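Next come the chains, spelled out residue by residue.
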Amino acid sequence: MKLKHFMLTAAFASFILTSCSDDDDMPTPGTIGIATTEDSYDEGEGTVGITISTTSVNAMDVTINYEVTGTATEGEDYQSLSGSVILPAGETSVQESLILIDDTEVESSEEVIFTITSTSNVEDIVGANSSLIVTITDNDSYPFENGILVSHEGNFMQGNASISFVSDDLATVENDIFKTVNDADALGDNAQSMSFYENMAYIVLNGSQKIEVVNRYTFESVATIGGPSETDFLNPRYMAIANGKGYVTNWGDGSNPDDDYVAVIDLETNTVESTISVAEGPEKIIVKDNTVYVALQGGFNQNNGVTVIDATTNTVTTTITVGDRPNSMQLDASGNLWVLSSGNPSWTGNETAGQIDYINTTDNTVTTTMNYAVTEHPGNLEIDGATLYYYSGGSVYAMDTTTSVLPTTAEIEGLNFYDMAVIDGKLYGVDAKDFVSNGSLEVYDLSDNNLLASKTVSIIPGGIYFNETAAR
């Protein structure tokens, strides 16, 4: 046990002693007050020693009474206390012990408040600062906070989509956590993407036409929106949050160019409350304040726009023309939008070049355009600080947000990323391998471009998400 002491000292610079008798056996009155320099303890620290002091030396034992209150729970957060302690004759201090209980529950910090209420010597003065607050801090964590969540598409129509958790130190990997936590048969078919809002994670399952809602830190199931027998979604793709609502892109029927839409979700009831019609192939979606930007990649065809939705009215305000097949978007520190388009692939018979467009979000106009060679088809635009990163032809490139010239030299070559993310100077990429066996998560340090770790995950990893500390 680790023993720490609160020194409870006199709060008054001077006081007047009074006595009812000259009898030497009568206790001498004194002032009792509390002060401490330490007030917070980890619940695993064991016993906290509390020292109660007085300013006088008594010839007889004195009982000091106290009450214990606060937000911490007796018997759950600390062992019960008697409510009184005896100050032996001839002593000026006595120790009481607060024994902390180290539980496994994740909880907020809690307080134990000690207040001296009286003594057996009626002439003792209880000081104005005779109350002490001890804060107990939690040392537990949720199983899936502070780490990386990897979504896996799984094999199409085989219902083996899954989510993996990789610890923040990259030491451990837990695969298929939804199935494990919920004792479920499977998550569903084709986990296309995942979004966070407060303590919830929303897993968009394209093949199952549904969204699974889970607690993002425990992965316990909360709700299911839609499903194969429902009509809420039709080929759902990506989700973002604006104005307290969820916005989900839907391709609709691939053979119908006129049925694509964005579904609006009431996050309180987990139901689709309305839809917003958009042009063909809504894909990635990003939010600035209450403005929603939807990349129109084209679905099974080709498109070249970014539709802008006002989330306060759920109406389309404009569509911005960008490069062919916009596949990813990022907002920079100024709140302006970068859009990366891959261009039409060669198999379309109308191959076009990739393109980066810089959009001023004040008036939603394109201010800068940078073009690739016709045979270059970049993707996976990411941003970290003032640096943009993207993937093209097995390499990752970096460029400053102030430049108007595309980079000619790759940062890292020889990669096989299906998706990637960049945060705090590290590059995270998933390799789907042969699309039937387990893939991997690769992590690089961008300060020297060295590989930090390679972790085996599950089948067709397609998304990387950082699950920061839960709010206590």
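Residues numbered from 1 in each chain as written. Predicted model: local features only at pLDDT ≥ 70, side-chain atom pairs only at ≥ 80, totals over all residues. Heavy atoms only, no water.

Student: Sorry, what's going on with the overall build of the protein here?
Tutor: When helices and strands are tallied, the protein shows one helix and 37 strands. The C-alpha atoms of the protein give 31 Å as radius of gyration, which overshoots the globular expectation for 472 residues (23 Å, by more than 25%). Expressed as lengths along the three principal axes of its C-alpha atoms, the size of the protein is roughly 110 × 50 × 45 Å. The burial tally for the protein puts 51% of its 472 residues in the buried class. Within the protein, counting contacts between residues at least 6 apart in sequence, those at least 24 apart form 51% of the total. One way to put it: in the protein the 14 positive side-chain charges average out to a point 10 Å from where the 70 negative ones average out. (Helix = DSSP H or I, 4+ residues; strand = E, 2+ residues; numbered from the N terminus. Rg over C-alpha atoms; globule rule 2.2 N^0.38 Å. Buried < 20%, exposed > 50% of the residue type's maximum accessible area, 1.4 Å probe, protein only. Contact = heavy atoms within 4.5 Å. Lys, Arg positive; Asp, Glu negative; His and termini not counted. Charge placed at Lys NZ, Arg CZ, Asp CG, Glu CD.)

Student: Just to check I follow, could you spell out the sheet that holds strand β32 (residues 395-400) for this structure?
Tutor: In a beta sheet, neighbouring strands are held together by backbone hydrogen bonds and run either parallel or antiparallel to one another. Spatially, the three strands line up as an open sheet ordered β30-β31-β32, and their pairing is antiparallel. This sheet does not close on itself; its edge strands, each paired only once, are β30 (379-384) and β32. Each neighbouring strand pair of the sheet contributes to a mean axis angle of 25 degrees, computed without reference to strand direction. (Pairing = 2+ DSSP bridges. Axes fitted to C-alpha atoms, helices over the stretch in contact; angles between N-to-C directions.)

Student: Where do I start with the sheet that holds strand β17 (residues 221-226) in this structure?
Tutor: If you trace the four strands from one edge of the open sheet to the other, you get β14-β15-β16-β17, paired in antiparallel fashion. The sheet terminates laterally at β14 (191-197) and β17, the two strands that pair on one side only. With strand direction ignored, the average angle separating the axes of adjacent strands in the sheet is 20 degrees. Sheet analysis places strand β16 (residues 210-215) next to β17, joined by five bridges and oriented antiparallel. Each residue of the ladder has a partner; that of Glu212, found in β17, is Thr224.

Student: I tried to follow unusual backbone geometry on my own but got confused; where do I start?
Tutor: Excluding glycine, residues mostly have negative phi values, and the peptide bonds linking residues are mostly trans. In this structure, Gln209 takes a positive phi of about 55 degrees despite not being glycine. Tracing the sequence through the fold places Gln209 in the loop between β15 (200-205) and β16. According to the relative accessible area criterion, Gln209 is buried, its value standing at 16%. Positive phi, close to 60 degrees, is recorded for Arg325, a residue that is not glycine. The exposure class of Arg325 is buried, given its relative accessible area of 13%.

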